[in-house]
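A structural walkthrough
Here is how the chains run, residue by residue.
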Amino acid sequence: MTKVNNFPILPNDENVIGIIGGGQLGKMIALSASRAGYKTHLYCPKGDNPAEAVVDKITYGQWDDYTKLVEFSNDVFCATSEFENIPSKSLELLSNQTKVVPSSLVFRCAQIRSKEKEMALKSGFNTPKWFLIKNTDDLISSIKNLSKEGILKTNSLGYDGKGQIKIDKNSNFFEAWENLGSVECVLEEKLEFKREISLMYFKSLDGSEGFFPLSENFHENGILKKTTAPTYLDSNIEIEIKTKAKKLAQNLNFYGVLAIELFELLDGSIVFNEIAPRPHNSFHWTLNGCNISQFDVLVRTICGLPVKNVECNGKWEMINLIGQDVNDMSIYEDQNYILHIYGKKNVKPGRKMGHFNKNIS
Ligand code: ADP
Ligand code: MG
């Protein structure tokens, strides 16, 4: 294994990319890395891990198994994580051993909703009105400041709409707090929005940076169901949010791919929701709809290869296959549905089993 700080890192048997997390994102990162000629080494706990099928090597270990993490890091020239909630202590340990892209600082920010909101505000974005909630007294006093309904979200470990509930002045605060596990939360104003939009920024270790075309997202029960892309904003607004996104990336000294979820309000203004410092479900359409996908771009950014122009080819729709959707015969019958089935063994309600992309130009 080579420990190099000189970029670009070119593909060969020595240059192994470490991937933390064995889910579908890990699988699609590994497929891109492999196509580009890099070897891959996966770190994840034993389980139903779709990425296992396509990597060169696997270390099984818990997220806080420091011995295993060190073993893994000694074999790779860099590590990237598909899994947002890897404990920050584990990421710091990895950072002492190898290059972690994006950095542990970035993950710490993305893991804690209050921190990411503070960072967004510092970078010039607006956020929904929000309050840090440490106990039910905080909740009772903060809810008075909301004119409408609110959403109470656990400050960390939430995903796919999990760890959040709607709440208003008439709710049973004690029950709400307990239902979320009596942990630190944020209370947010529930916004009425026109559209949900996501932006993806990238920066390579060679310094090149840019954006993918924008995505428009449709959620059902807090889970992404459909994305259409590219979507457009008023050009001045688009320039403004890209400037803020670059500022946010600069504040985090960001390298890799960074998704930013946004709300477009009824008056056209844009409000920040959250970031994800990794490939994002709302950019899975780029696998077929762009000259280069978000996974290919991630691989290039961590190897320090330039990423100059990212362009889409027509208009695309991405549909997530959630739970039993994957057993619906009709999706297999039309060859224009470009299927990406993750190969998870257990079908569960709410579980992302695959997606398909469809050109709708
Ligand atoms: P997750 O980490 O689960 O993706 P999000 O904060 O993105 O959590 O919430 C999931 C979805 O819930 C969002 O995509 C959006 O549809 C809805 N949502 C979240 N926060 C708000 C809000 N403040 N106002 C209105 N809808 C919201
Ligand atoms: Mg989200």
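Heads up: these notes are all about the structure in this document. Every value quoted in this text rests on a predicted model; they were computed, and no experiment measured them. (Residues numbered from 1 in each chain as written. Chains lettered and ligands numbered in written order. Predicted model: local features only at pLDDT ≥ 70, side-chain atom pairs only at ≥ 80, totals over all residues. Heavy atoms only, no water.)

**Observations concerning the overall build of the protein chain**
Short version of the rule: Numbered from the N terminus, helices here are DSSP runs of H or I no shorter than four residues, and strands are runs of E no shorter than two. For the radius of gyration, the atom set is restricted to C-alpha positions; the globular benchmark scales as 2.2 Å times the number of residues to the power 0.38. The buried label goes to any residue with under 20% of its type's maximum accessible area, the exposed label to any with over 50%, and the partly exposed label to all in between, with areas taken from a 1.4 Å probe on protein chains only. In what follows, residue pairs with any heavy atoms lying within 4.5 Å of each other are defined as contacts. Accessible surface is estimated by sampling points in the Shrake-Rupley manner with a 1.4 Å probe; for residues, cover comes only from the protein chains shown. Counted as positive: Lys and Arg. Counted as negative: Asp and Glu, with His and the chain ends omitted from the count. To locate a charge, take atom NZ for lysine, CZ for arginine, CG for aspartate or CD for glutamate.
Looking only at helices and strands, the protein chain features 11 helices and 18 strands. In summary, the protein chain has a C-alpha radius of gyration of 20 Å against a globular reference of 21 Å for 361 residues, a match within 12%. C-alpha extents for the protein chain along the principal axes are approximately 60 × 50 × 40 Å. Per-residue burial over the protein chain gives 54% buried out of 361 residues. Within the protein chain, contacts between residues separated by at least 24 positions form 61% of all contacts whose residues are at least 6 apart in sequence. Of the roughly 15700 Å² that the protein chain leaves accessible, carbon and sulfur atoms contribute 47%. On the protein chain, the mean spot of the 42 positive side-chain charges and the mean spot of the 44 negative ones are 3 Å from each other.

**Describing the site of ligand 1**
Going by this rule: We call a residue near a given molecule or strand whenever any one of its heavy atoms falls within 4 Å of it. A 3.5 Å cut-off defines polar contacts: any pair of N or O atoms within that distance qualifies, except that in protein one atom must be a possible hydrogen donor and the other a possible acceptor, and neighbouring residues in sequence count only when both atoms are side-chain atoms.
Close contacts around ligand 1 come from 20 residues, with Lys153, Gly161, Glu188, Glu196 and Asn273 the closest. One of the backbone nitrogen or oxygen atoms of Leu191 is found 2.8 Å away from a nitrogen atom of ligand 1. In this structure, Glu261 approaches ligand 1 through a side-chain N or O atom, which is 3.0 Å from an oxygen atom. For the shell around ligand 1, the secondary structure elements donating two or more residues are strand S7 (150–154), strand S9 (185–189), strand S10 (193–203), strand S14 (256–265) and strand S15 (270–276).

**Describing the environment of Asn145**
Along the polypeptide, Asn145 turns up in the loop between helix H6 (136–143) and S7. Residues Asn145 and Glu189 lie 44 residues apart in sequence; the distance between their C-alpha atoms is 9.2 Å. With sequence-adjacent residues up to four places away left out, Asn145 is seen in contact with Lys129 and Phe131.

**Observations concerning a nonpolar patch on the surface**
Convention followed: The patches described consist of residues with a relative accessible area above 30% and no salt bridge, like charges being joined within 9 Å and nonpolar side chains (Val, Leu, Ile, Met, Phe, Trp, Tyr) within 5 Å. Counted as salt bridges are all cases of a side-chain nitrogen of Lys or Arg within 4 Å of a carboxyl oxygen of Asp or Glu.
Judged by side-chain polarity, Met329, Tyr332 and Ile341 come together as a nonpolar surface patch covering roughly 280 Å² of accessible area. Along the chain, Ile341 turns up in strand S17 (residues 338–341). Classification of Ile341 by relative accessible area gives partly exposed; the value is 33%.

**Focus on the pattern of salt bridges**
Inspection of every chain in the model, using the stated rule, returns 19 salt bridges. Linking Asp296 and Arg35 is a salt bridge whose minimum nitrogen-to-oxygen distance equals 3.0 Å. Separated by 261 residues along the polypeptide, Asp296 in helix H10 (residues 294–303) and Arg35 in helix H1 (residues 24–35) bring together distant segments of the chain.

**Observations concerning the state of the cysteines**
Here is the rule: We call a pair of cysteine sulfur atoms a disulfide whenever their separation is within 2.5 Å.
Applying the stated criterion across every chain yields a total of zero disulfides. Residue Cys44 stays outside any disulfide, its sulfur separated by 17 Å from that of Cys78, the closest cysteine. Residue Cys44 is classed as buried on the basis of its relative accessible area of 1%. Cysteine Cys109 remains unbridged, with the sulfur of Cys185 as its closest cysteine sulfur at 18 Å.

**With respect to the coordination of the magnesium ion (ligand 2)**
For the record, the criterion: Note: metal donors comprise N, O and S atoms at 2.8 Å or less from the metal (3.2 Å for Na, K and Ca); water molecules are not included, so apparent gaps in a site are possible.
Here the magnesium ion (ligand 2) is held by Glu261 (OE), Glu261 (OE) and Glu274 (OE), and the distances to it run 1.9 to 2.7 Å. Pair noted here: Glu261 is in strand S14 and Glu274 is in strand S15, with a separation of 13 residues, a long-range link. As far as burial versus exposure is concerned, Glu261 and Glu274 are alike and both buried.

**Notes on helix H2 (residues 66–73)**
Using the following cut-off: Directions pointing from the helix axis toward each C-beta atom define the arc.
Looking at H2, one finds that the buried residues are Leu69, Phe72 and Ser73. Each buried residue of H2 sits inside an arc of 95° when the element is viewed along its axis, so together they form one side. On its buried side, H2 packs onto strand S1 (16–20), strand S2 (39–44), strand S3 (57–60), strand S4 (78–81) and helix H3 (88–97).

**Examining the side chain of Ser198**
Residue placement: Ser198 occurs in strand S10. For Ser198, a relative accessible area of 0% translates into the label buried. Within the structure, Ser198 has its side chain in polar contact with the side chain of Asn217 (distance 2.9 Å). Apart from residues no more than four positions distant in its own chain, Ser198 is found in contact with Leu214, Ser215, Asn217, Ile260, Glu261, Ser282 and Phe283.

**Quick notes on the environment of Ile275**
Summarising the element assignment, Ile275 is placed in strand S15. In this structure Ile275 touches Glu84, Cys109, Ala110, Glu116, Leu248, Leu252, Leu258, Ala259 and Ile260, once residues within four positions along its chain are discounted.

**Brief notes about the packing of helix H4 (residues 104–111) against helix H5 (residues 113–122)**
Condition: Note on method: axes are straight lines fitted to C-alpha atoms, helices fitted across the in-contact stretch only, with angles between N-to-C directions ranging 0 to 180 degrees. Angle categories: roughly parallel below 35 degrees, roughly antiparallel above 145, roughly perpendicular from 65 to 115, and oblique for all the rest. The classification used treats Ala, Val, Leu, Ile, Met, Phe, Trp, Tyr, Cys and Pro as nonpolar, Asp, Glu, Lys and Arg as charged, and all other residues, Gly among them, as polar.
Where H4 contacts H5, the axes come no closer than 5 Å and their chain directions differ by 105°. Taken together, the axes of H4 and H5 lie roughly perpendicular to each other. Across from Arg108, Cys109, Ala110 and Gln111 in H4, the residues of H5 making contact are Arg113, Lys115, Glu116 and Met119. Counted by class, the contact of H4 with H5 contains three nonpolar, one polar and four charged residues.

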